Amino acid sequence: MKKPLLLSLLALTVSSPALARDTVYMIPLKSVLEMPQAKDKLDGSVKFYLAGSKTPSVQEELGSETSNKKTNGVGKSDEEGCKWATLSALISLQEGAKKRGANAVVNIVSYYKKNELQNATEIECHAGSFVVGVTLKGTYAKVAGKGGAK
């Protein structure tokens, strides 16, 4: 009789939401773009502009998309995991932009669990006990000129 009770208590403890961690971090886009891995994966043909930041004149909008990326947080600091997840989301948006003939992704907002957060310099990231995640939503566009954020 003790063994089933002990197993039941253990199951309740493991599934308890009190053990779930969801720590929110704000990661500067600039710090992600400066990662050596970003220089390898982001080729510069697509620029990224967070909503509220200075953006070149948009000549044509080519649709919107959401990129939800997660990374394994084990063995990484939360900040490192957040940067990796953000880079993965940017790579996905870069690929989408290229497919549509866009040279930029504009009005990028954090969209974690469909909660929109606009910040002109930072991206919202959520770190759990084992997984780190970022969701970005942006609009593909053709913008005038060069320059601005990568």
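Residues numbered from 1 in each chain as written. Predicted model: local features only at pLDDT ≥ 70, side-chain atom pairs only at ≥ 80, totals over all residues. Heavy atoms only, no water.

Naming follows an unreviewed UniProt entry, where the protein chain appears as Excinuclease ATPase subunit of Myxococcus landrumensis.

S.K.: I'm lost on the environment of glutamate 122 in this one. Help?
M.R.: Counting through the fold element by element, glutamate 122 comes out in strand 5 (residues 122-127). Separated by 94 residues in sequence, glutamate 122 and proline 28 have C-alpha atoms that sit 4.2 Å apart. Setting aside chain neighbours within four positions, we find glutamate 122 in contact with Met26, Ile27, Pro28, Leu29 and Leu50. (Helix = DSSP H or I, 4+ residues; strand = E, 2+ residues; numbered from the N terminus. Contact = heavy atoms within 4.5 Å.)

S.K.: Would you explain the side chain of threonine 86 in this entry?
M.R.: Structurally, threonine 86 can be placed in helix 4 (residues 78-100). The class of threonine 86 is buried, set by a relative accessible area of 0%. Within the local environment of threonine 86, its side chain forms a polar contact with the backbone oxygen of cysteine 82, the two atoms lying 2.8 Å apart. Beyond its immediate stretch of four places on either side in the chain, threonine 86 contacts Val32, Ile123 and Val134. (Buried < 20%, exposed > 50% of the residue type's maximum accessible area, 1.4 Å probe, protein only. Polar contact = N/O pair within 3.5 Å; in protein donor to acceptor, adjacent residues only side chain to side chain.)

S.K.: Quick question: what am I supposed to make of the side chain of serine 110 here?
M.R.: Within the secondary structure, serine 110 sits in strand 4 (residues 104-110). Residue serine 110 is classed as buried on the basis of its relative accessible area of 2%. Residue contacts for serine 110: discarding those within four places in its chain leaves Asn115, Glu116, Leu117, Ile123, Glu124, Thr135 and Leu136.

S.K.: Is there a simple way to explain empty space enclosed by the protein in this structure?
M.R.: Left-over empty space is what a probe sized like a water molecule reveals as it rolls over the atoms. For the coordinates displayed, the defined rule picks out one cavity of 30 Å³ or more. What lines the largest cavity is simply Leu50, Ile108, Val109, Ser110, Leu117, Asn119, Glu122, Ile123 and Leu136. Of all the secondary structure elements, the ones that give two or more residues to the lining of the largest cavity are strand 4 and strand 5. At three residues, the largest contribution of residues to the lining of the largest cavity is made by strand 4. When grouped by side-chain class, the residues that make up the lining of the largest cavity number six nonpolar, two polar and one charged. (1 Å grid on protein atoms, 1.4 Å probe; cavity = no way out; pocket = protein on both sides within 12 Å on 5 of 7 lines; lining within 4 Å. Points joined across faces, edges and corners; volume = space filled by probe spheres on them. Nonpolar A, V, L, I, M, F, W, Y, C, P; charged D, E, K, R; others polar.)

S.K.: Help me out: how do you make sense of the state of the cysteines in this one?
M.R.: Counted by the stated rule, this structure contains one disulfide. Across a sulfur-sulfur distance of 2.1 Å, cysteine 82 and cysteine 125 are joined as a disulfide pair. Measuring handedness by torsion sign, the sulfur bridge of cysteine 82 and cysteine 125 sits at about -85° and is left-handed. Of the two residues, cysteine 82 is situated in helix 4 and cysteine 125 in strand 5; the sequence distance between them amounts to 43 residues. One exposure class covers both cysteine 82 and cysteine 125, and it is buried. (Disulfide = S-S within 2.5 Å.)

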